[in-house]
Each structure stands twice: as C-alpha cells, then as structure tokens.
Amino acid sequence: AQSVSQHNHHVILSEAASLELGCNYSYGGTVNLFWYVQYPGQHLQLLLKYFSGDPLVKGIKGFEAEFIKSKFSFNLRKPSVQWSDTAEYFCAVNAASGTYKYIFGTGTRLKVLA
Amino acid sequence: DAMVIQNPRYQVTQFGKPVTLSCSQTLNHNVMYWYQQKSSQAPKLLFHYYDKDFNNEADTPDNFQSRRPNTSFCFLDIRSPGLGDAAMYLCATSTPPGGYGTDTQYFGPGTRLTVL
C-alpha cells in the first residue's frame, strides 16, 4: 500500500533560518507529488506540485521542493523563513495511474520565532 | 470570491444519531472529495465524485455515505456516529485539466464533528 512519511512532526526555527522538511513515499510507480500548507485558522492550500519535468519545482512564497526519484523523496525547502511561514505543512502523493486517490502525510507543524 | 464552503463549521451530535455535513462550491469543479482528519493524523480520503460517478475507498466504513445532487453540492451522511468518528471532515474540489492526479485540490475550512 502507498504511504507518505513526514519525519519531522514539529519544527521550531528562528526567522531567517533555512528550512527543509522531509517527505518520503512508498510507491514504485510514477507519482504526482504535492505540498499543501495550512496557516493558522485557514484551510489547506497548495504550495507547489510536481508531476513531470524539472525535478526542482518552485512554489509560492519562496518555497521549493526537489523530487529525488531514487530516494522516493520530495523535500520542501526555503532558504530563509519568516514569522508568517508559521503553519502546518502536508506532503501528498498521487499514484499517476488513473486514480484520484491522494495519500497525505501526517503533517509538520512549523513555528517560526520572530 | 469563488470558494469551497462547508456547513456547519462545528457539529455536535449524539452517539448513534445521524448527522449530515454539507459542502458547496462555486468553482464548478468536476471532482469533489471528502476527507476525514483526526487529531495529529493525515487527512484520509473517504470517497470522491467525478461528476456523478461515486468512488468509495475500500476502507471507508459503511456508516459513511455521500450524495451529490448537483455539481455545486455534496453531502456526507454519517448514519450512526460512534465516538471514533469524531474528527475534522474536509471537503475539497478539483478539476483535472492535466489528467488524473495532477490537479490542485481546493479545500474548504472543514467541519469539526464532536460525538457525545
């Protein structure tokens, strides 16, 4: 069965620190990959997605993620976080085989200290 | 603004008393999803509609049903809620121009269900 692992459940950083959130998935076939973000009091929204082409994808608000097929990973990065990045981040995977099923990770709560 | 609306935002029901959660969208998207999210867990897909075609996940309990009377509305019915059904229920929509699985999902704010 497919699964998604987000190893960091809680991350606390100071402003201007660099961020990397891990996401690993288990599925041997072609995948579509997503990062969603949920700011306090708001609903889940798309941060970025990958389904083909350049494995380094850029999203909103300076976030990027790199798909490394050999490592089954899609880690999220930001060179310099801001207080406003405080949120919960979810990685999601879809097996690109004609299905609308999305598997989400358990999320990482990021707190950025001003 | 176009959006996904869920009502109510908070729902309290009693053990075994049927409850219906609603979702509406102004995005005119083909696909609508229902997810269950328990505390500190991943959102778990319960089922989805592609237009009127209903797709139930294999591990979704029979206690959970859904209706989609038209493009804009989708309902989640829990026939006999148990204490284990207390969770946040998320509705999402998408339209897949790039084919299966490449579409962005647009989420509603969720309905938090409490079962007494």
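Above this text sits the structure in question.
Scoring rules and cut-offs
- Residues numbered from 1 in each chain as written.
- Chains lettered and ligands numbered in written order.
- Predicted model: local features only at pLDDT ≥ 70, side-chain atom pairs only at ≥ 80, totals over all residues.
- Heavy atoms only, no water.
- Helix = DSSP H or I, 4+ residues; strand = E, 2+ residues; numbered from the N terminus.
- Rg over C-alpha atoms; globule rule 2.2 N^0.38 Å.
- Buried < 20%, exposed > 50% of the residue type's maximum accessible area, 1.4 Å probe, protein only.
- Contact = heavy atoms within 4.5 Å.
- Areas by Shrake-Rupley, 256 points an atom, 1.4 Å probe, with all protein chains shown as cover.
- Lys, Arg positive; Asp, Glu negative; His and termini not counted.
- Charge placed at Lys NZ, Arg CZ, Asp CG, Glu CD.
- Pairing = 2+ DSSP bridges.
- Axes fitted to C-alpha atoms, helices over the stretch in contact; angles between N-to-C directions.
- Buried area = accessible area lost by both parts, 1.4 Å probe.
- Salt bridge = Lys/Arg side-chain N within 4 Å of Asp/Glu carboxyl O.
- Phe/Tyr/Trp six-rings, centres within 6.5 Å; stacked < 30°, edge-to-face > 60°.

Peer 1: Explain the overall build of chain A to me, and be specific about the residues and the numbers.
Peer 2: A tally of helices and strands in chain A yields 0 helices and 12 strands. Each helix and strand of chain A, placed in order from N terminus to C terminus, yields the pattern β-β-β-β-β-β-β-β-β-β-β-β. Here the C-alpha radius of gyration of chain A, 14 Å, is about what a compact globule of 114 residues would show, namely 13 Å. Overall, the C-alpha framework of chain A stretches about 45 × 25 × 20 Å when taken along its three principal axes. Relative to its full complement of 114 residues, chain A shows a buried share of 46%.

Peer 1: How would you explain the overall build of chain B if you had to name every residue and give the values?
Peer 2: Looking only at helices and strands, chain B features 0 helices and 11 strands. Its C-alpha radius of gyration of 14 Å places chain B within 12% of the 13 Å reference for a compact globule of 116 residues. When the backbone C-alpha atoms are referred to their principal axes, chain B occupies close to 40 × 30 × 30 Å. The buried share of chain B, reckoned over its 116 residues, is 51%. Within chain B, counting contacts between residues at least 6 apart in sequence, those at least 24 apart form 56% of the total. Taken as a whole, chain B presents about 5500 Å² of accessible surface, with 50% of it coming from carbon and sulfur. With 9 positive and 9 negative side-chain charges, chain B shows a separation of 9 Å between the mean positions of the two kinds.

Peer 1: Requested: an account of the sheet that holds strand β8 (residues 73–78) of chain B, with residues and values cited.
Peer 2: The pairing of strands in a sheet happens through backbone hydrogen bonds and is either parallel or antiparallel. Residues and elements named next belong to chain B. Strands sit in the order β1-β3-β8-β7 across an open sheet of 4 strands; the sheet is antiparallel. The open sheet has two free edges, formed respectively by β1 (4–7) and β7 (64–67), since each of these has just one partner strand. Pairs of neighbouring strands in the sheet enclose a mean axial angle of 20°, with direction left out of account. When β1 meets strand β3 (residues 19–25), the two strands line up antiparallel, connected through 4 bridges. Within β3, the residue paired with I5 across the bridge is S24.

Peer 1: Can you explain the interface of chain A and chain B? Please cite residues and give values.
Peer 2: Counting residues at the interface gives 18 residues for chain A and 23 residues for chain B. Together, the buried faces of chain A and chain B total about 1900 Å²; carbon and sulfur atoms form 58% of this surface. By the criterion of area lost to chain B, the three top residues of chain A are Y100(A), Y102(A) and F104(A), representing 38% of everything that side buries. One can count 1 salt bridge joining chain A with chain B.

Peer 1: Hey, could you go over the pairing of strand β5 (residues 44–50) of chain B for me, with residue numbers and the actual values?
Peer 2: All names here are of chain B. Counting buried residues along β5, 5 of its 7 residues qualify, which places the element largely inside the surrounding structure. For strand β4 (residues 31–37) and β5, the ladder comprises 6 bridges, and the chain directions are antiparallel. Bridging across to β5, Y35 finds its partner in L45. Between β4 and β5, which follow one another and run antiparallel, lie 6 residues, and S40 among them has a positive phi close to 60°. Pairing of β5 with strand β6 (residues 53–56) involves 4 bridges; the strand directions are antiparallel. Counted as the bridge partner of H48 is N55 from β6. Counting the residues that bridge the hairpin from β5 to β6 gives 2 residues, and of these D51 lies at a positive phi of roughly 55°.

Peer 1: Explain the packing of aromatic side chains residue by residue, including any values.
Peer 2: Scanning the entire structure with this criterion turns up 17 aromatic pairs over all chains. Ring pairs connect the aromatic residues F34(A), Y36(A), Y102(A), F104(A), Y33(B), Y35(B) and F107(B), which therefore count as one cluster.

Peer 1: Tell me about the environment of S72(B), and please be specific about residues and values.
Peer 2: Residues and elements named next belong to chain B. You can see S72 is positioned in the loop between β7 and β8. We classify S72 as partly exposed; its relative accessible area is 29%. Those residues in contact with S72 that lie beyond four places of it in its chain are C23, S24, Q25 and M32.

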